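So the chains spell out like this:
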Amino acid sequence: MSRGGPVRQLFAEGVLGWRRAMRGALPWAVTVVLALCLWVLPGRSDPESVRTGYGLMLAWAFLLICALWSGGTAYALDRERHWLTLAFTKPIHRVTLWWGRCLGTWAPFALAVTMIWGMVAPRPLPAGRTVQRPELPSLDLMAQAELSRLRVLGRVPQGVSEARLLRAVRDDLQGRHTELRHDAPLTYHFRGPTAGAFDAAMPATFRLSGAPFLGAKDALSLEVEAVSGDRKVTLRPEALKDSGFLLPLPAGFVRPGEAVTVTLKRLDDNGAASVLYREREDLALLFPGQSALANLTAFCAVVLLTLFLAVALGTALGCSFSLPVTLFVGTLAVLAMASASLSPETTVADETANLWARVSASVSWGVAAPFRGLVALNPMRCLFDGEAITLRAVFGLALWLGVPWAFLCSLVAVFSPVRDEEP
C-alpha cells in the first residue's frame, strides 16, 4: 500500500459520510429549525437577547440529537444493507473506516454551526470579560470548623466517611446567602488585574448577579464605594433589575497590580425589600478580556466539540447494534449523561439511605465525571453574561474530553464483530 493510501481512504470514507448526512430531509430540517430558533421565536422583556438565548439553546439541542442519529446511520445502515462485507474486502482498516464515517458525518454539522455563528455575530453580545471573585476565607477550613461544631452538637450521622461529610458541609456553606442590612455595610477585597493582562484605558465592572432583590426592589437604595490605591469613587446603581446589576467603574480607576476594595451599603431602611446573595458566586469584578466576536467563536467551538461527541457515540453504537437499537440506546445514553452531569450531587442522607442509593450515586458520578468540565464551563451563561470563554478552557475540553472519548469510541469499531451476513 502506498504511503498516501490511508489518507486517501480516510478522505473517501469522509465523502461517503458527508453525502449520507446531507442526503434526504436533514439539511433542510436543520436550516428551517435554525431559522425558527434564532429569528422567529418571540422574546419577553428583552426581545433581542431572550430570542437569541432561547434560539441557541434549542438549536444546540436539535443539532445534538440529529448528530447522534446521523452518526448511528453512518455505520449501522451499511450493516442493514449488507455493504460492510464488500467494504472490508478492500485493504482498509476498521479504524480508518470509523474515522472517515465519523468525520464525514460531523462535517455538515460543522457547516450548521458556521451558519449559527453568521446569524448571531451581527447581534449585540457582551464582550468576554475576565471574572475575579472576592478574596474570602478558605471554604475548606470553614467546612472543617463547621463539621467540628456539628460533632459537638451530636448532629453528625454515623457510618459516613470524613470526605463525604466535608463535601456536604462545604456545599451547604457555599450555597448560603448573605443579607445586606441597612446598618451593616459589607466590604470585599479583590486582587486586581495583573500587569500585562489588562488595558487600563478600559473600565472594570462590578457585578452583583443571581436574584438578589426580594420584595419591592424599587424601594431599595444602594451605594457602592470602590477604593484602589489612593483613588476612591462612590456610585449608585439605578433601575435595579431582578437579576442584579452591573456597575462600570471609571476608566483608569483600576490599574494593573493594585488591589480593589468594594463596600456595599444599603441606604434605605425599608422592610418591604431585602438584598440576599451568595458571596462566592454572585459577586465579581469584571476586567476587559476578549471581544464579543472571539467569545462567540469560542462558544461555537464548544458546540462543535459536543456535536462531535454525539456523532462519535452514534457511530460507535452502530458498530454493534442494528439501526433502531442504535438510535434508541444512543438517545438514552445522551439523556443519562445530561441528567447525571446537570443534576446536583447527592446529599449525605441520600448516600447513606441504603446500598442502592450508594450504587446509584457511584454510577451517576462515573457517568458525569467526563462531562463535569463542560458543565462547569457553562458556555451559554458565559456568552450572555459577558464572561470570557478562554482558548485554554476550549483546548482543555478537547484534550481531556474529546480525545479520550474519540479513542474509546474508535476502539468499539476495532473489536466489534462484523455481522453482515447475506439474508
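Residues numbered from 1 in each chain as written. Predicted model: local features only at pLDDT ≥ 70, side-chain atom pairs only at ≥ 80, totals over all residues. Heavy atoms only, no water.

1. Overview of the overall build of the chain
Along its length, the chain carries 15 helices and 11 strands. For the chain, buried positions account for 41% of its 423 residues. Counting contacts in the chain only where the partners sit at least 6 residues apart, residues at least 24 apart contribute 83% of the total. (Helix = DSSP H or I, 4+ residues; strand = E, 2+ residues; numbered from the N terminus. Buried < 20%, exposed > 50% of the residue type's maximum accessible area, 1.4 Å probe, protein only. Contact = heavy atoms within 4.5 Å.)

2. Looking at a nonpolar patch on the surface
A surface patch of nonpolar side chains, amounting to about 250 Å² of accessible area, comprises Trp18, Leu111 and Met115. Among the structural elements, Trp18 can be located in helix 1 (residues 5–22). (Patch = residues over 30% accessible without salt bridge, like charges linked within 9 Å, V, L, I, M, F, W, Y side chains within 5 Å. Areas by Shrake-Rupley, 256 points an atom, 1.4 Å probe, with all protein chains shown as cover. Salt bridge = Lys/Arg side-chain N within 4 Å of Asp/Glu carboxyl O.)

3. A few points about the packing of aromatic side chains
Evaluation of the coordinates by the stated rule reveals seven aromatic pairs. Centre to centre, the rings of Tyr188 and Tyr277 are 6.5 Å apart; their planes meet at 65°, and the pair counts as edge-to-face. With Tyr188 in strand 3 (residues 186–190) and Tyr277 in strand 10 (residues 273–277), this pair connects stretches of sequence that are 89 residues apart. Between the aromatic rings of Phe371 and Trp405, the centroid separation amounts to 5.6 Å while the plane-to-plane angle is 70°, which identifies the pairing as edge-to-face. One end of the pair, Phe371, is in the loop between helix 12 (355–368) and helix 13 (372–377); the other, Trp405, is in helix 15 (residues 391–415), with 34 residues separating them in the sequence. (Phe/Tyr/Trp six-rings, centres within 6.5 Å; stacked < 30°, edge-to-face > 60°.)

4. Side note on the sheet that holds strand 11 (residues 283–290)
Read from one edge of the open sheet, four strands run 1-11-4-8, paired in antiparallel fashion. Edge positions in the open sheet fall to strand 1 (128–132) and strand 8 (245–248), since each of these has one partner strand only. Neighbour-to-neighbour, the strand axes of the sheet open up by a mean angle of 35°, direction not taken into account. (Pairing = 2+ DSSP bridges. Axes fitted to C-alpha atoms, helices over the stretch in contact; angles between N-to-C directions.)

5. Concerning the packing of helix 5 (residues 94–120) against helix 9 (residues 292–318)
It is at 9 Å that the axes of helix 5 and helix 9 come closest, and there the two elements cross at 150°. Judged by the angle between their axes, helix 5 and helix 9 are roughly antiparallel. Considering how the two elements wind past one another, helix 5 and helix 9 form a crossing that is right-handed. Contacts between helix 5 and helix 9 involve Trp98, Trp99, Cys102, Leu103, Thr105, Trp106, Phe109, Ala110, Val113, Trp117 and Val120 on the former and, on the latter, Leu293, Leu296, Thr297, Cys300, Val303, Leu304, Leu307, Phe308, Val311, Ala312, Thr315 and Ala316. Residues belonging to the contact of helix 5 with helix 9 are distributed by class as follows: 20 nonpolar, three polar and no charged. (Parallel < 35°, antiparallel > 145°, perpendicular 65-115°, else oblique. Left-handed = near helix turned anticlockwise from the far one by under 90°. Nonpolar A, V, L, I, M, F, W, Y, C, P; charged D, E, K, R; others polar.)

6. Quick word on the state of the cysteines
Overall, the coordinates contain zero disulfides when judged by the stated rule. Of the cysteine sulfurs around Cys319, a residue in no disulfide, the closest is that of Cys409, at 9.2 Å. (Disulfide = S-S within 2.5 Å.)

7. A closer look at the pattern of salt bridges
Under the counting rule described, the total for this entry stands at 18 salt bridges. Among the charged side chains, a network of salt bridges with common partners joins Glu223, Glu225, Lys232, Arg236 and Lys265.

8. With respect to the sheet that holds strand 9 (residues 260–266)
With antiparallel pairing, four strands are arranged side by side in an open sheet as 3-9-6-7. The two strands at the open ends of the sheet, each matched to only one other strand, are strand 3 and strand 7 (231–235). Between one strand axis and the next, the sheet turns by 15° as a mean value, whatever way the strands run. As paired elements, strand 6 (residues 222–228) and strand 7 share five bridges and run antiparallel to each other. Paired with Ala226 across the two strands is Val233, which belongs to strand 7.

9. What to know about helix 6 (residues 139–153)
Helix length check: helix 6, at 15 residues, gives a terminal C-alpha distance of 21 Å against a target of 21 Å (1.5 Å per residue), a fit within 8%. Residues of helix 6 that are buried: Leu139, Ala143, Glu146, Leu147 and Leu150. Seen from one end, helix 6 has its buried residues packed into an arc of 105°, which puts them on one side. Turned more than 90 degrees from where helix 6 packs its buried face, Leu141 and Val152 sit exposed. Backbone geometry just after helix 6 places Gly154 at a positive phi near 75°. (Expected span 1.5 Å × (residues − 1). Arc of directions from axis to C-beta.)

10. A look at the side chain of Thr331
Here Thr331 lies in helix 10 (residues 323–342). There is a polar contact of 3.1 Å between the side chain of Thr331 and the side chain of Trp69. Contact partners of Thr331, with chain neighbours within four places excluded, come to Leu68 and Trp69. (Polar contact = N/O pair within 3.5 Å; in protein donor to acceptor, adjacent residues only side chain to side chain.)

11. Section: the pairing of strand 8
In strand 8, alternate side chains face the same way, and those of Phe245 and Leu247 are buried while those of Leu246 and Pro248 on the opposite face are not. Across four bridges, strand 4 (residues 205–208) lies against strand 8 in antiparallel orientation. The residue of strand 8 that forms the bridge with Leu208 is Phe245.

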